[in-house]
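# Chain and residue survey
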Amino acid sequence: MEMEKKSKVLIIGSTGNLGYHLAHFSIKFCHQTFILVRDSAYTDPIKLQKINSLSDAGATVLKGSLEDEKSLVEAVKQVDVVICSIPSKQVLDQRLLIRAIKAAGCIKKFIPSEFGADPDKVQISGMDYNFYSRKSEIRRLVEAEGIHYTYICCNFLMRYLLPSLVQPGLMTPPRDKVTVFGDGNVKGVFVKDEDVAAFTICAIDDPRTSNKVLYLRPPGNVYSINELVGIWESKIRKKLEKIYIPEDQLLVKIKETPYPDNMTLIFIYSVFVKGDHTYFDIESSGGLDGTQLYPQLKYTTISEYLETLV
């Protein structure tokens, strides 16, 4: 969409995997881009490299942290849009940021740190150690303060589980035998970090996304484990021996595995048994389909990604 004026954007978490791509695409799509950086980031060589790279590309570096309300208010007052991409286990650290956004009074859209399954739609409450309820808590705080938002639900990032073909403990896809969870027919969704970032930046100045959930379910990125195995088999020209772990056995395995080691199994149960990525229709749930809104965006498909692992 052609926009008259590009929003000024603040990215929090720009030294992380997704946050770096969010800042990169914000700059690429011609937004004046600010990144909030804590002092400790400068002592980490990888983070420092990312800060310098974004600064060289045109980002304005601001000193501050999610624990320092004064620095947050000062940073927020310079922009129109705030995007947060901190790790999931830290999502409640956004509470002070929400207060700062409310105090500044100038933010026309806030995109909180979600970038996974829809926390209000997952069907595993009570077994996820509050992983999703914390994200829902942030949503309710944003809504209670009357802050305009867009929630980005991209489901799985490709770097999680896809490199192993949904085989916990493996770093690369199997070449002999493969474990299939449930009946293997429930579909999950994988999207590459760079593509999530591009969709997110497209949404910030789009009035259609105001106070909406934007779901990413790109065609070519929605597959069951059986289908993933089939794609992989065709690439390596070999049939794999399949070992099925039915739902009841998976639940026992989750119970026997200590936290946090069992979280991967819990996510697999959520997505590939309960169908938490795909059991609901986007439109009838009141959400928006990112690939329909922005058909111009090219993205990496699962088949293309698996090709790089052959």
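Scoring rules and cut-offs
- Residues numbered from 1 in each chain as written.
- Predicted model: local features only at pLDDT ≥ 70, side-chain atom pairs only at ≥ 80, totals over all residues.
- Heavy atoms only, no water.
- UniProt positions renumbered as here; feature names shortened; annotations may be inferred.
- Helix = DSSP H or I, 4+ residues; strand = E, 2+ residues; numbered from the N terminus.
- Rg over C-alpha atoms; globule rule 2.2 N^0.38 Å.
- Buried < 20%, exposed > 50% of the residue type's maximum accessible area, 1.4 Å probe, protein only.
- Contact = heavy atoms within 4.5 Å.
- Areas by Shrake-Rupley, 256 points an atom, 1.4 Å probe, with all protein chains shown as cover.
- Pairing = 2+ DSSP bridges.
- Axes fitted to C-alpha atoms, helices over the stretch in contact; angles between N-to-C directions.
- Phe/Tyr/Trp six-rings, centres within 6.5 Å; stacked < 30°, edge-to-face > 60°.
- Lys NZ or Arg CZ within 6 Å of the ring centre and 35° of its normal.
- Disulfide = S-S within 2.5 Å.

An unreviewed UniProt entry lists the protein chain under the name Isoflavone reductase, putative, with Ricinus communis given as the organism. For the record of the protein chain, the UniProt heading Sequence similarities (unreviewed entry) holds the text "Belongs to the NmrA-type oxidoreductase family. Isoflavone reductase subfamily."

Here we come to the overall build of the protein chain. Across its full length, the protein chain holds 11 helices and 13 strands. A compact globule built from 310 residues would reach a C-alpha radius of gyration of about 19 Å, and the protein chain, at 20 Å, matches this within 12%. Put simply, the protein chain has 310 residues, and 55% of those count as buried. Across the protein chain, contacts joining residues at least 24 apart in sequence account for 81% of those joining residues at least 6 apart. When the accessible surface of the protein chain is summed, it comes to about 14100 Å², and 50% of that surface belongs to carbon and sulfur atoms.

Bringing the sheet that holds strand β1 (residues 9-12) into the picture now. If you trace the 5 strands from one edge of the open sheet to the other, you get β3-β2-β1-β4-β5, paired in parallel fashion. For this open sheet the edge positions go to β3 (60-63) and β5 (109-111), each flanked by a neighbour on one side alone. Averaged over all pairs of adjacent strands, the angle between their axes in this sheet comes to 20°, without regard to strand direction. Where strand β2 (residues 33-37) meets β3, 4 bridges bridge the pair, whose relative direction is parallel.

Here the structure, examined in full by the defined rule, presents 13 aromatic pairs. A ring pair is formed by phenylalanine 25 and phenylalanine 29, whose centres lie 5.6 Å apart and whose planes are at 65°; its orientation type is edge-to-face. Each member of the pair, phenylalanine 25 together with phenylalanine 29, is buried. For the ring pair tyrosine 160 and phenylalanine 267, a centre distance of 6.1 Å and an interplane angle of 80° mean the geometry is edge-to-face. Of the two residues, tyrosine 160 is situated in the loop between β7 (156-157) and β8 (177-181) and phenylalanine 267 in helix α9 (residues 263-272); the sequence distance between them amounts to 107 residues. Among the residues examined, phenylalanine 267 registers a relative accessible area of 10% and is labelled buried. Geometry around phenylalanine 280 places lysine 121 over its ring, the cationic atom sitting 5.2 Å from the centre. One cation-aromatic arrangement involves arginine 217 over phenylalanine 280; the distance from NZ or CZ to the ring centre is 4.8 Å.

In this section: the state of the cysteines. Taken as a whole and judged by the stated rule, the model has 0 disulfides. There is no disulfide at cysteine 153, and the cysteine sulfur nearest it, in cysteine 154, is 7.8 Å away.

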